[in-house]
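# Commentary on secondary and tertiary structure
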Amino acid sequence: MKYYIIAGEASGDLHGGNLIKGLRAEDPGAEIRFWGGDLMAAAGGDLVHHYKEGAVMGVTDVLAKAGKLMKNIGFCKDDISSWGPDVVILIDYPGFNMRIAEFCHKAGIKVFYYIAPKTWASREGRNRKLKEWVDRMFIVFPFEIPYFTEKGIPFTYKGNPLVDAVDSHEYERPVEGPYIAVLAGSRKGEISRMMPVCMQVADRLGCQVVIAGAPARSEDDYRGYIGSRDNVHLLFGRTYDILRFAGSAIINSGTASLEAVLIGTPQVVCWSTSGITYLVAKHILHVDRRIKAISLGNLCLGRLAFKELIQGDFTVENVCAEVRRLSEDEAYRNRMLADYTEIRNLLGGTGASRAVARAMIEELRK
């Protein structure tokens, strides 16, 4: 069968790469064409467009890149029409992929959505569109099961593919000696807000820091912030290794935070954005207000396993205090690691990527 897959950022590339491996294992004759990145390319198939050329986040970023985004959407529609896939598989990235879902539905092309839009957090109006335009969703978080059941949207849950990615990695220490890991996000805007604070933390604590460079970024995106500091190291392609051997990690909210949970790295999540994006987010987000969390691990658990420093709380003083506590308060650290075990159990066992691929193929053969 012919599979057209669309991923628009680093996390989608990771899941897309593992999904492609699963599809090839279950359907050896699979033809695969995709929008994604290096991990998907390594898994095999024809790369149409690399995600680093068009990733956007936040209101201001979307407005700045609106023309290019619309051009890419038009090109994608034409490419799908000319190739004629049996199914289009959308991976997260809803700003782009919801438009493609509508197009494919109207064109009579089957649509699967892998890693659903987070309508449980914002923009619930998309649920009506998901129900109308998507033939089946393949969700990856246990707390989504009751939510999408209530909304009446067909879905399949086979666990979370990050478990496979983390457990199959062959770990190797990236640098000698103790250090703090910094994962500043995959977008330039995230890096520009995270790095100045994290570098001041490195100065104040006087510790060794290892920065995990994002796959779509280059050294130029970080060097201006690092300057001449000899206690700060920048490494690319070693994210899991950096997390595994770090004493603690300062992480921009996202997939990396859940990866730290599964690897077992004590962490503090930090997030900030432009003033206008934050004001908009405050009005449209409806995450679980009982725990006031945005991180996936905390949402899975239903309580705060680790601290989140958001917008105004993301300061040098607060980050330093939390990093010190993670290092010095053994009971606090052990409670966090115990919560990590509970989160891992909630996410299911290994084999999720291949199980999802198998379920997709079975759905197509009905």
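Below: a short report on this structure. Everything quoted here is computed from the prediction, not taken from an experiment. Each chain carries its own residue numbering, running from 1 in the direction its sequence is written. Two thresholds apply to this predicted model, a pLDDT of at least 70 for residue-level local features and 80 or more for giving and counting side-chain atom pairs, whereas whole-chain, interface and lining totals are computed over all residues. With hydrogens and water stripped out, all remaining heavy atoms of the structure feed into the side-chain values.

### Examining the sheet that holds strand S1 (residues 2–7)
Strand pairs in the sheet, formed through backbone hydrogen bonds, run parallel or antiparallel to each other. Two strands qualify as a pair provided that DSSP identifies no fewer than 2 bridges between them. Every helix listed is a DSSP run of H or I at least four residues long, and every strand listed is a run of E at least two residues long, numbered separately from the N terminus. One open sheet holds the seven strands; their spatial order is S3-S2-S1-S4-S5-S6-S7, and the pairing between them is parallel. Edge positions in the sheet fall to strand S3 (46–50) and strand S7 (155–157), since each has one partner strand and no second. Mean inter-strand twist for the sheet, computed between neighbouring axes without regard to direction, equals 20°. Bridge count between strand S2 (residues 31–36) and S3: four bridges; the pairing is parallel. Within the sheet, the bridge partner assigned to Trp 35 lies in S3 and is His 49. Whenever a helix is involved, its axis is fitted only over the stretch in contact; in every case the axis is a line through C-alpha atoms, and angles between N-to-C directions fall within 0 to 180 degrees.

### A word on the nonpolar core
Ranked by internal contacts, the top residues of the largest apolar core, which has 96 residues, are Ile 6, Ile 80, Ile 89, Ile 100, Tyr 114 and Met 137. Ignoring sequence-local partners within four residues, the contact set of Tyr 114 consists of His 15, Leu 19, Ile 89, Leu 90, Ile 91, Asp 92, Phe 138, Val 140, Pro 161, Ser 353, Val 356 and Met 360. Counting 28 residues, the second-largest nonpolar core is a separate cluster that includes Cys 207, Ile 226, Ile 250 and Val 316. Here, nonpolar core means buried Ala, Val, Leu, Ile, Met, Phe, Trp, Tyr and Cys residues that are tied together by side-chain atoms lying within 4.5 Å of each other. Partly exposed residues are those whose accessible area sits between 20% and 50% of the maximum for their type, while under 20% is buried and over 50% is exposed, using a 1.4 Å probe and protein chains only. A contact between two residues is defined here by any heavy atoms of the two lying within 4.5 Å.

### Thoughts on the side chain of Asp 241
With respect to the helices and strands, Asp 241 occurs in helix H11 (residues 239–245). For Asp 241, a relative accessible area of 5% corresponds to the buried category. Reaching out from Asp 241, the side chain makes a polar contact with the backbone nitrogen of Glu 172 at a distance of 3.1 Å. Those residues in contact with Asp 241 that lie beyond four places of it in its chain are His 169, Glu 170, Tyr 171, Glu 172, Pro 174 and Tyr 179. Side-chain atoms alone can form a polar contact between residues adjacent in sequence; in general such a contact is a pair of N or O atoms within 3.5 Å, and within protein one must be able to donate a hydrogen while the other accepts it.

### Some thoughts on the environment of Thr 273
Secondary-structure assignment places Thr 273 in the loop between strand S12 (267–271) and helix H13 (275–284). Overall, Thr 273 belongs to the buried group, its relative accessible area being 15%. Measuring from C-alpha to C-alpha, the distance between Thr 273 and Gln 311 comes to 6.9 Å, with 38 residues separating the pair along the chain.

### A few points about the packing of helix H12 (residues 255–263) against helix H16 (residues 330–346)
Their axes nearest at 8 Å, the elements H12 and H16 cross at an angle of 105°. Accordingly, the angle class assigned to the pair H12 and H16 is roughly perpendicular. Contacts between H12 and H16 involve Leu 258, Ala 260, Val 261 and Leu 262 from the former and Tyr 340, Ile 343 and Arg 344 from the latter. Note on residue classes: Ala, Val, Leu, Ile, Met, Phe, Trp, Tyr, Cys and Pro are nonpolar, Asp, Glu, Lys and Arg are charged, and everything else, Gly too, is polar. Looking at the contact of H12 with H16 residue by residue, the classes come out as six nonpolar, no polar and one charged. Each angle is binned into one of four classes, with values under 35 degrees roughly parallel, values over 145 roughly antiparallel, values of 65 to 115 roughly perpendicular, and all other values oblique.

### Side note on the packing of aromatic side chains
In this description, a pair of aromatic rings is defined by centroid distance and the angle of the planes. Only Phe, Tyr and Trp rings take part, Trp by its six-membered ring, and two of them pair if their centres are within 6.5 Å. Stacked means planes under 30 degrees apart, edge-to-face means over 60, and tilted covers everything else. Counting across every chain of the model gives ten aromatic pairs. Relative to Phe 96, the ring of Tyr 93 has its centre 5.7 Å away and its plane inclined at 25°; by these criteria the two rings are stacked. On the basis of relative accessible area, Phe 96 is assigned to the buried category, the value being 3%. Each residue in the set Trp 35, Phe 75, Tyr 93 and Phe 96 is aromatic and connected to the rest through ring pairs, giving one cluster. Either the NZ atom of lysine or the CZ atom of arginine qualifies as a charge over a ring when it sits within 6 Å of the ring centre and within 35 degrees of the ring normal. A cation over an aromatic ring shows up here: Lys 2 above the ring of Trp 83, its NZ or CZ 4.5 Å from the ring centre.

### Observations regarding the packing of helix H5 (residues 94–107) against helix H6 (residues 126–133)
In a pair of packed helices, the angle between the axes and the distance between the axes together describe the arrangement. Packing of H5 against H6 leaves a shortest axis separation of 9 Å and a crossing angle of 40°. Overall, the two elements H5 and H6 adopt an arrangement that is oblique. Crossing of H5 over H6 shows left-handed handedness. Judged by residue contacts, Pro 94, Gly 95, Met 98, Ala 101, Glu 102 and His 105 of H5 engage Arg 126, Lys 129, Leu 130, Glu 132 and Trp 133 from H6. A breakdown of the residues in the contact of H5 with H6 according to their chemical character gives five nonpolar, two polar and four charged. By convention, the crossing between two helices is left-handed when the near helix turns anticlockwise from the far helix through less than a right angle, and right-handed when the turn is clockwise.

### Observations regarding the environment of Val 316
Relative to the helices and strands, Val 316 resides in helix H15 (residues 316–328). In the structure, Val 316 is positioned 50 residues away from Lys 366 in sequence and 56 Å away in space, judged by C-alpha atoms.

### As for empty space enclosed by the protein
Over the atoms a probe the size of a water molecule is rolled, and this reveals where empty space is left. Lining residues are those with an atom within 4 Å of a point, where the points come from a 1 Å grid over the protein atoms alone and group into cavities, where a 1.4 Å probe fits but cannot get out, or pockets, open sets with protein on both sides within 12 Å along at least five of seven lines. Grid points are joined across faces, edges and corners, and a volume is the space filled by probe spheres set on the points. Summed over the entire model, instances satisfying the criterion amount to one cavity of 30 Å³ or more. Volume-wise, the largest cavity comes out at about 90 Å³. Counting only elements with at least two residues in the lining of the largest cavity, the list comes to S1 and helix H4 (66–83). The residue makeup of the lining of the largest cavity, split by class, is seven nonpolar, four polar and no charged.

### Digging into the sheet that holds strand S13 (residues 308–310)
The strand order across the open sheet formed by six strands is S10-S9-S8-S11-S12-S13, and the pairing between neighbours is parallel. On the outer flanks of this sheet lie strand S10 (232–236) and S13, each paired with one strand and no other. Here the strands of the sheet are splayed against their neighbours by 20° on average, with no regard to which way each runs. By the bridge criterion, four bridges tie strand S11 (residues 248–252) to S12 in an arrangement that is parallel. Residue pairing across strands places Ile 250 opposite Val 268, the latter belonging to S12.

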